[in-house]
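Each chain, written out:
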Amino acid sequence: MKDEEIDDVLKETARGPHVLKAETLQRVSDSIKTSLRPVRPMPPTWVLASGLVLVCAAVALAGAARAGFYGIEKMDLLERALIFSTLIVFACVVGIGLVHEMVPGSRRRVAPGALLAIVSGLLVGIFALLFRDYQTSDFFSAGIACLLTGLLFAFPAALLAWLVLRRGFAVNPVSAGLVAGTLGGLTGLAMLELHCQNFQATHVLVWHIAVVPLSGALGALVAQALRSRAS
Amino acid sequence: MAQYQQGDFNAAAVLIAQLSPQLHRFFVAQSGIRADADDLLQETWLRIHKVRHTYRPSDPVLPWFYAIARRVRVDHYRKSSRTTARQQALEEVSRIAAPVSGESGRLDDIAALLAPLSGGEREVIEMLKVEGMSLEEAARATSSTVGSVKQKAHRAYKKLRERMSATAFRKGHSGGLP
């Protein structure tokens, strides 16, 4: 059987208008009539995404201002330019993704899980090119401290991002939570790059970058828990 | 839709009259149960009304409606799956016992035709072939990529082809029904 024949069968089966009972339509109309008032449509994607990036930058800068800008002071010009421009680009991409998750019927170019994997993979690649100190002193003690610090700043960033988009409606809350967590993770990573002066490659590649996928996973878990509680 | 956002009831009534049959057909094709589809339609319009500010006039309108309809269906499924086995069994009995109205015959055909497909495949075929959406619109409505929609449609066609060929073979062996 050819695809065209299947098309014909489907069209033939669905042919003709589907008539609904008048009382069903009336019931729907009545249900919305009492609360019908003008609403303001959500702003364009670029406005919301810019707001998200600004909020995340503010959280990262505030954290580093409190803890000290030791990391960025130790970097050379190339490292600063590459690391922070990469983080800003990724924050824009993930921010746009989060806006799309919160506006029904938006275009999705990459699935949230794939976006998280791509961002994490590219970060590993870029950071591996920049950090060439292969010593591993205090691998676990220093690493866990950085991981927890990064996650500590990821949480308020994700929460503020959610507040920026509070008027939105997530058709898939778990995906939205994953993307919000990823954005928070990028904020935590930015804070660590501003602050942490441990430039050992394994430390940065393992513990700093781990903030991004872990935060994304936590975001998805929190959204799943909230959805379960709501339903 | 823009007028509906501005609080125009007539615009809302026109939208309800135009889109409700499509949305209802979508729910029937998914569940095959007309009573469920009525409830889902009502719930969908309440949700649409609540989040109508999330529609932006520059975006296509159908994917926006269907994205919300999908969410309502998923929530409904999640809630109903939590009911006790006893309640589910009783509901099944009442559904089976309920008479099928004449006007729903065509819809039952669609539901039966799409029955071998998974939920995701069924909704993609319903959107593409019954509602006439483009791949891009179906991708927006299902919050997925165009590639994913293509893949689901391909799998669905493979299953439909196998099913239809088998049915034609059986009919051929049973004396050739018209």
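Numbering of residues starts from 1 in each chain and follows the order in which that chain's sequence is written. To label them, take the chains in the order written and letter them from A, then take the ligands in the order written and number them from 1. Only residues with pLDDT of at least 70 are given local features in this predicted model, and only at 80 or more are side-chain atom pairs given and counted; all residues enter the totals for whole chains, interfaces and linings.

Q: Is there a simple way to think about the overall build of chain B in this case?
A: On a plain count of helices and strands, chain B comes out with 9 helices and 0 strands. Across chain B, helices and strands are ordered from the amino to the carboxyl terminus as α-α-α-α-α-α-α-α-α. Looking at chain B as a whole, 35% of its 178 residues qualify as buried. C-beta atoms are placed from the backbone for every residue, and two residues are taken to be in contact when these atoms lie within 7 Å. Counting only contacts in chain B whose residues sit at least 6 apart along the sequence, the fraction spanning at least 24 positions is 61%. Elements are defined by DSSP. Helices are runs of H or I of four residues or more, strands are runs of E of two residues or more, and each kind is numbered from the N terminus. Here a residue counts as buried when 20 or more other C-beta atoms fall within 10 Å of its C-beta, as exposed when 12 or fewer do, and as partly exposed in between; the C-beta atoms come from the backbone.

Q: Help me understand the nonpolar core, please; the structure alone is not making it clear to me.
A: Looking at soluble globular proteins, one finds that nonpolar side chains tend to be buried together. Residues and elements named next belong to chain A. If you look at the biggest cluster of nonpolar residues, it comprises 101 residues, and the most contacted ones within it are Cys56, Leu98, Ala157, Ala161, Leu183 and Leu186. For this core, the element with the most residues is helix 8 (residues 173-195), which contributes 11 residues. The contact partners of Leu186, leaving out residues within four places of it in the chain, are Cys56, Leu87, Phe90, Ala91, Val94 and Val212. Only buried residues count toward a nonpolar core: Ala, Val, Leu, Ile, Met, Phe, Trp, Tyr and Cys, linked into one set through C-beta atoms within 7 Å.

Q: How should I be thinking about the domain arrangement of chain A in this particular structure?
A: It is common to report an interface's size as the accessible area lost on association of the parts. Each domain of chain A was delimited in the assignment, giving domain 1 (3-33) and domain 2 (45-230). An automatic or database domain assignment is the source of the domain bounds shown. Relative placement of domain 1 of chain A and domain 2 of chain A: their C-alpha centres are 45 Å apart.

Q: Sorry, what's going on with unusual backbone geometry here?
A: You will see that Asp138(A), though not glycine, has its phi angle at about 50°, which is positive. Mapped onto the elements of the fold, Asp138(A) is located in the loop between helix 6 (112-130) and helix 7 (139-164). Phi at Ser143(B) is positive, roughly 50°, even though this residue is not glycine. In this fold, Ser143(B) is placed in the loop between helix 8 (135-141) and helix 9 (146-173). The class of Ser143(B) is buried, set by 25 C-beta atoms lying within 10 Å.

Q: Can you help me understand the confidence of the model for chain B in this one?
A: As a general rule, the predicted coordinates of low-pLDDT regions are not to be interpreted in detail. All names here are of chain B. Confidence of the prediction at every residue is given by pLDDT, a number between 0 and 100. Counting all residues, the mean pLDDT for chain B is 80, and 78% of those residues have values of 70 or more. The secondary structure element of chain B with the lowest average pLDDT is helix 5 (residues 85-97), at 50, and the one with the highest is helix 8, at 94. Note on residues 96-105: pLDDT under 50 across the span, and 3 contacts to partners over four residues away in sequence or across chains. The ipTM assigned to the predicted complex is 0.85, against a pTM of 0.86.

Q: Please explain the packing of helix 3 (residues 45-67) of chain A against helix 5 (residues 77-102) of chain A as it appears in this structure.
A: The angle between the axes and the distance between the axes are what describe a pair of packed helices. Residue and element names in this part refer to chain A. Lines fitted to C-alpha atoms define the axes, with helix axes restricted to the stretch in contact, and inter-axis angles between N-to-C directions lie between 0 and 180 degrees. One can describe the packing of helix 3 onto helix 5 by two numbers: an axis separation of 8 Å at closest approach and a directional angle of 125°. The orientation of helix 3 with respect to helix 5, classified from their angle, is oblique. In the packing of helix 3 onto helix 5, the handedness of the crossing is right-handed. Side by side, helix 3 and helix 5 meet where Thr45, Leu48, Ala49, Leu52, Val53 and Cys56 of the first sit next to Ala91, Cys92, Gly95, Ile96, Leu98 and Val99 of the second. For this classification, Asp, Glu, Lys and Arg are treated as charged, while Ala, Val, Leu, Ile, Met, Phe, Trp, Tyr, Cys and Pro are nonpolar and the rest, including Gly, are polar. A breakdown of the residues in the contact of helix 3 with helix 5 according to their chemical character gives 10 nonpolar, 2 polar and no charged. Working rule for angles: under 35 degrees goes down as roughly parallel, over 145 as roughly antiparallel, 65 to 115 as roughly perpendicular, anything else as oblique. Left-handed describes a crossing whose near helix is turned anticlockwise from the far helix by less than a right angle; the clockwise case is right-handed.

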